[in-house]
Amino acid sequence: MTFTPPSPFTTRPELHGTFGMAATTHWLATASAQAVLERGGTAFDAAIAAGFVLHVVEPHLNGAGGDLVGLYATAGDPTPRVLEGQGPAPAAATIEHYRAEGLGGVPGAGVLAPAVPGAVAAWLALHERHGTWELGDLLAFALGYARDGHPVLGRVAATIGRMREVFVEHWPTSARRWLVEGAPPAPDSIARNPEYARVLEGLAADGLGYWHGEVADAIGAFAGEPTWHPVDGREHRGVLTADDLRAFLPEVAGTAMTYQFRGTTVAKAGPWSQGPVQLLMLAMLDGLPDERLDPSTALGVHTIAEVEALAMADRDAWFGDGCDIRGLFDPGYLAERRALIGERAARDYRPGSPQGRTPWMPPLSTEGELAGRPPGTGEPTVDLRSKGAPRGDTCHLDVIDRWGNIVSVTPSGGWLQSSPTVPEIGFALGTRLQMAWLDPASPTALRPGMRPRTTLSPTLLLRESRAVEALGTPGATSRTSGSSPTCCAGSSAAGPRRPRSTVPVRTRPRTSARSSRAPGPRPGSPWRIASATTSSPTSRPAATWSRARATGRSGACRPWARTPRAGTSPRRTPVGRRATRPAAEPSRARYPFWGKPRLMPPWEGSSQRWVIAFSWVKKSKPAGPYALLAPNSDCFHPPKLK
C-alpha cells in the first residue's frame, strides 16, 4: 500500500533520548512523565504521574470527578488490555426519576449529569496492579503544582471567563474556587488549588480508602443539595451518593476488541465506548482498493468520511454497555455497507440492519432546535449553540518505556464548567451520564449500573503480536476522524503487500511521540531507545492529539533490577514488584533540578519566565519540555532559547 509522503516540516520540536518517551496535552504533564521515566519508573508509573498533573493544570478539560479509558500492554505480555475507568450510572439514576423532574433528557451540566467518577479509582487500580513506585512519589508532581502553583493556561482563563456569570449568580462554590477578586485569573498567572492538594495528600496516605471515605462523603453530601441547572433554569438534587462511589471498582485488565487491518492489529475498548467505530471503519475500508485509502487525496478523504458516517450511524443504533455487536462485522453486512459509498457525499442518516434487526433511531433535531437549546445540553465538550463547534475538549497521554511497556489513556470529564465545584475537595463532577437516553428502546437507555457510552477512544497498534504504537486524540465524536488516517497509514509499514520494515512511517500529528527500540536486548539489560521524538503544546487546537510508537523486534526481556552506577539513575524494579523508594538519588551537583517539578528562577541572561524541573517555558510562547538528560551523559543541559 502506498501513501502520499508527509511534509518533513513540523511545527513541534523533536526530542531524542534513551529511557522512554511520553506525549501529553500539557507540557508539565509531559515533563513529569519524563522525569519518572528518567528515574527508572515504568510507563505505568509515568502515566499515573502525568494523569494526576493533568487534573491540576488542565481543569477545563478533565478532573478528578471525571472518567478515563486506557489501553496498555506490558513487556512480558503483549496482549492489549483495557483500563476501564468509565463509572456507571448511580443506583438512583432511572428514567422515571428524570422524567419526574420534568426533563426530556439527562442534563449536560449540573449535579444530575454525572456518572460515578471513575478516573481516580482507575489510576489507583492501575498503580496497584502495575505500579513500581510508591503512590506518594507519583502524586508528588501534581501535589506540588496544586499546592505551590502552576501557570494558568490562556484557555483555562478563557473558560472561566465564559462561565463567570454562571459562577457568580448560580454556582458560588465555583466562583470561590476559580475567580480572583470576582474576575477570571490572568493567563500565565500562578494558580493554586489547596483543596485538591489536600485530596492528593490523603490519597498518598490511604489510597482508595481515602477516596471511598472522606472524598465520597463530600461528593455525596454536595450532590444531594439542590443546585441550579442550565438546562431548565431550575434547581435539582443529584442522584449520586457516597455508596455509589464505594461500590465502583474499575476493571484493570479488561478485554480489548481487535481487528487486523492489512498486517496491523488495531486494539480498542468495547462497545460501551466509541472504540469499535474505528474497527468497523477499518473493516469496511479493508475491502476497498489502495487508492481509495490515501487520506492525502480527495478520493481518500471522501471515502474515509463516508465510511465514518456509516459507522457512526451504527454506533448510535447498536453500541452500548453489554451490547453484542459481532453482527456488524459479518462479511455480508460489511459488503452491504460498503456498497452504499457513492461518488458524492450522502446526506442521509443510514444505520444498518445486521441480521435483519431493526436499528434504533435517535431523535434528530433541526439546526434551529439546536441553536435554541441552553448551554450544557448534548455531546460533552461541544457547544450546540455554535453549531457544534468545540468549546471544550479532552486530554490524552501516551507513554512508552525502555522495557517495552506501552500505555495510552484518554482522561476527560469533571471539568470546571461541568457542575458546581465541591468545596471541600476542589473539583467538579462529570457529565458523562448525558450520553444516556430516556428511551427504554435505546441501546444506551438510562438504567442503574449501566456505563454511559463514552466517546473516549485511545488506540494501540500491534504487529507480529507486539504493541508498537499508542495514539489518541481529544475531540468528542471527532476522535475517530483524527486517528483513522494514522491507522490506515500505519498499516502500510508492515502489511503483507510490502516487506516488513523497522523504520517508522513518518506521519506527524500535532502532538506526537515516537520511540524506537534496538532489536534483541539481552535479558538483564534495559531496552535502549534508539530514537524518540515528542512535543507537547500548551495552547492547542481541537485537532491536537498524541501518539507513541515503538519499532524493532521483541525479545525475551523484562524490566530487570540492577544496581545503578554512582550518580546515574535509580535502580529499576521489575513490573509487578513494588519499590519502597528509588534506591539511589543522583547527585544534585550533577543534576541541579532532579526531583519533582518546581518553580525555579530563570537562567541568567535568558528570556524565560519560569524554569520548571525538566521543562523550560518561554514567556508567552510555552512549548516543551526542552531539556532532558543527554544520552550517555552525566550532564544536564539547559536549552538554548533565542
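Everything discussed here concerns the structure shown above.
Residues numbered from 1 in each chain as written. Predicted model: local features only at pLDDT ≥ 70, side-chain atom pairs only at ≥ 80, totals over all residues. Heavy atoms only, no water.

Enquirer: Explain the pattern of salt bridges to me, please; I cannot follow it from the model alone.
Expert: Opposite charge on two side chains permits pairing when their charged atoms draw close. Here the structure, examined in full by the defined rule, presents 17 salt bridges. The partner of Glu195 in a salt bridge is Arg177, with the nearest N and O atoms 3.3 Å apart. Taken together, the residues Glu195 in helix α8 (residues 194–206) and Arg177 in helix α7 (residues 172–178) connect sequence positions 18 residues apart. Each member of the pair, Glu195 as well as Arg177, is classed as buried. (Salt bridge = Lys/Arg side-chain N within 4 Å of Asp/Glu carboxyl O. Helix = DSSP H or I, 4+ residues; strand = E, 2+ residues; numbered from the N terminus. Buried < 20%, exposed > 50% of the residue type's maximum accessible area, 1.4 Å probe, protein only.)

Enquirer: How do you make sense of the sheet that holds strand β1 (residues 20–24) when you look at a structure like this?
Expert: Two pairing modes exist for strands in a sheet, parallel and antiparallel, and in both the strands are linked by backbone hydrogen bonds. Reading across from one edge, β1-β11-β12-β2-β3-β8 is the order of the six strands in this open sheet, with antiparallel pairing throughout. Among the strands making up the open sheet, the edge pair consists of β1 and β8 (251–255). Recorded for the sheet is a direction-independent mean angle of 20 degrees between the axes of neighbouring strands. Together, β1, β2 (67–73), β11 (397–401) and β12 (406–412) form the strand contacts of helix α2 (residues 43–57), whose direction differs from that of β11 by roughly 155 degrees. The strands touched by helix α4 (residues 119–130) within the sheet are β2, β3 (81–85), β8, β11 and β12, with β2 carrying the most contacts at an inclination of about 25 degrees. (Pairing = 2+ DSSP bridges. Axes fitted to C-alpha atoms, helices over the stretch in contact; angles between N-to-C directions. Contact = heavy atoms within 4.5 Å.)

Enquirer: What am I meant to see in helix α9 (residues 208–223) here?
Expert: In an α-helix, one turn spans 3.6 residues, which is why side chains three or four residues apart end up on the same side. Largest kink in α9: about 40 degrees, centred on Ala216. Taken residue by residue, α9 has Tyr210, Trp211, His212, Gly213, Val215, Ala216, Ala218, Ile219, Gly220, Phe222 and Ala223 as its buried positions. Residues of α9 that are buried sit in contact with α4, α7, α8 and α10 (242–247). (Bend = angle between axes of the 7 residues up to and from the residue.)

Enquirer: What exactly am I supposed to notice about helix α5 (residues 135–148) here?
Expert: Between its first and last C-alpha, α5 extends 19 Å over 14 residues, near the 20 Å set by a 1.5 Å rise per residue. The largest bend in α5 amounts to roughly 40 degrees and is located at Phe141. For α5, the tally of buried residues reaches eleven of 14 residues, placing the bulk of the element in the interior. Leu135, Asp137, Leu138, Leu139, Ala140, Phe141, Ala142, Leu143, Gly144, Tyr145 and Ala146 are the residues of α5 that are buried. At the exit of α5 stands Gly149, carrying a positive phi of roughly 115 degrees. (Expected span 1.5 Å × (residues − 1).)

Enquirer: What is the right way to look at the packing of aromatic side chains in this model?
Expert: For any pair of aromatic rings, geometry is given as the distance between the ring centres together with the angle between the planes. Tallied over the full model, the rule gives six aromatic pairs. Relative to Phe427, the ring of Trp211 has its centre 6.2 Å away and its plane inclined at 15 degrees; by these criteria the two rings are stacked. Separated by 216 residues along the polypeptide, Trp211 in helix α9 and Phe427 in the loop between β12 and β13 (459–463) bring together distant segments of the chain. By the burial criterion, Trp211 is buried, and Phe427 matches it. The rings of Phe167, Trp171 and Trp228 are connected pair by pair, giving a single aromatic cluster. When the ring centre of Trp178 is taken as origin, the NZ or CZ atom of Arg177, which lies over that ring, is 5.2 Å away. Sitting over the ring of Trp318, Arg357 keeps its end group 4.5 Å from the ring centre. (Phe/Tyr/Trp six-rings, centres within 6.5 Å; stacked < 30°, edge-to-face > 60°. Lys NZ or Arg CZ within 6 Å of the ring centre and 35° of its normal.)

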